[in-house]
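If you want the building blocks of each chain, they are given just below.
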Amino acid sequence: MEFYDVINRRRTIREFEDRGVPRETLLRILEAGLKAPTNNHLRQWEFVIVNDKEERSRLLNVQDITSYDEREKMMDGFNMTDPDQRGMYHIAMPKQFSMLYNSASLILPFFRLREPLLQPTSLSSLNDFASIWCCIENILLAAASEGILGVTRIPMTEELEHIRKTVKHPDNYAMPCYIALGYPVKDAELPVQKVINVEDRIHIGQW
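Residues numbered from 1 in each chain as written. Predicted model: local features only at pLDDT ≥ 70, side-chain atom pairs only at ≥ 80, totals over all residues. Heavy atoms only, no water.

Let's talk about the side chain of His 90
In this structure, His 90 sits in helix H5 (residues 83-92). Residue classification places His 90 among the buried positions, given a relative accessible area of 16%. (Helix = DSSP H or I, 4+ residues; strand = E, 2+ residues; numbered from the N terminus. Buried < 20%, exposed > 50% of the residue type's maximum accessible area, 1.4 Å probe, protein only.)

Spelled out as structure tokens, the structure:
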């Protein structure tokens, strides 16, 4: 697949077919992640793959928000006014658990911490955090080239503590998100894609 075709194909999907991703395909996707740029040249990234559904049940401390009124109240609290953004949240919030549980492959990416993530001493202290997101986007693009789509979810604080106890990862590693990958169901629900004109976002020389 041509590179720009992959860019255009890469969408967030929360509904998956009931079929697994072949091991060799998953390894190829993760290898693409490891080709991403990194601030210290060491690529200190690790991946926990959770495919067993019983293990996922123990791991996932996540709830779907199925009430329409509750979703509306939360979005009002976030001061969301854009209708496309609200539409995306209405699709996403009822699937927070199911998209992770039902995906073909659930990946927990980890990166090595130099100092507490939420207490950076300078902007450059976030280099490790920025680098792992380059890795994650490589994974999502590589997956799209294989006909596999997915979704990320940034965990809440209580989820991170539960994951630490369940997975038993080292204290000097942090998980920025869940990555759920799989083959999308036919007619999977998609939000309206926000169209941005690139020329409207360019400033020459100054803002």
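Moving on from the coordinates now.
Notes on the pattern of salt bridges
A full pass over the atoms with the stated rule returns 12 salt bridges. Asp 84 is the salt-bridge partner of Lys 194, the closest N and O atoms lying 3.3 Å from each other. Here Lys 194, found in the segment after strand E5 (178-182), pairs with Asp 84, found in helix H5; they are 110 residues apart in sequence, far enough to count as distant. On the basis of relative accessibility, which here comes to 25%, the residue Asp 84 falls in the partly exposed class. Here Arg 164 makes a salt bridge to Glu 161, at a shortest N to O gap of 2.7 Å. One end of the pair, Arg 164, and the other, Glu 161, are both in helix H8 (residues 157-167), three residues apart, so they sit about a helical turn from each other. Judged by its relative accessible area of 34%, Glu 161 falls in the partly exposed class. (Salt bridge = Lys/Arg side-chain N within 4 Å of Asp/Glu carboxyl O.)

A few points about the packing of aromatic side chains
If you walk through the whole model with that rule in mind, you get four aromatic pairs. When the centroid spacing of 5.4 Å and the interplanar angle of 15 degrees are considered together, the rings of Phe 97 and Tyr 101 count as stacked. Remark: Tyr 101 and Phe 97 occur in helix H6 (residues 96-101); sequence separation between them is four residues, near one turn of the helix. A relative accessible area of 22% places Tyr 101 in the partly exposed class. Connected via pairs of aromatic rings, a cluster forms that spans Phe 111, Phe 129 and Trp 133. (Phe/Tyr/Trp six-rings, centres within 6.5 Å; stacked < 30°, edge-to-face > 60°.)

Overview of a nonpolar patch on the surface
A cluster of nonpolar residues, Phe 3, Tyr 4 and Ile 7, forms a patch on the protein surface that exposes about 370 Å² of accessible area. Along the chain, Tyr 4 turns up in helix H1 (residues 3-9). (Patch = residues over 30% accessible without salt bridge, like charges linked within 9 Å, V, L, I, M, F, W, Y side chains within 5 Å. Areas by Shrake-Rupley, 256 points an atom, 1.4 Å probe, with all protein chains shown as cover.)

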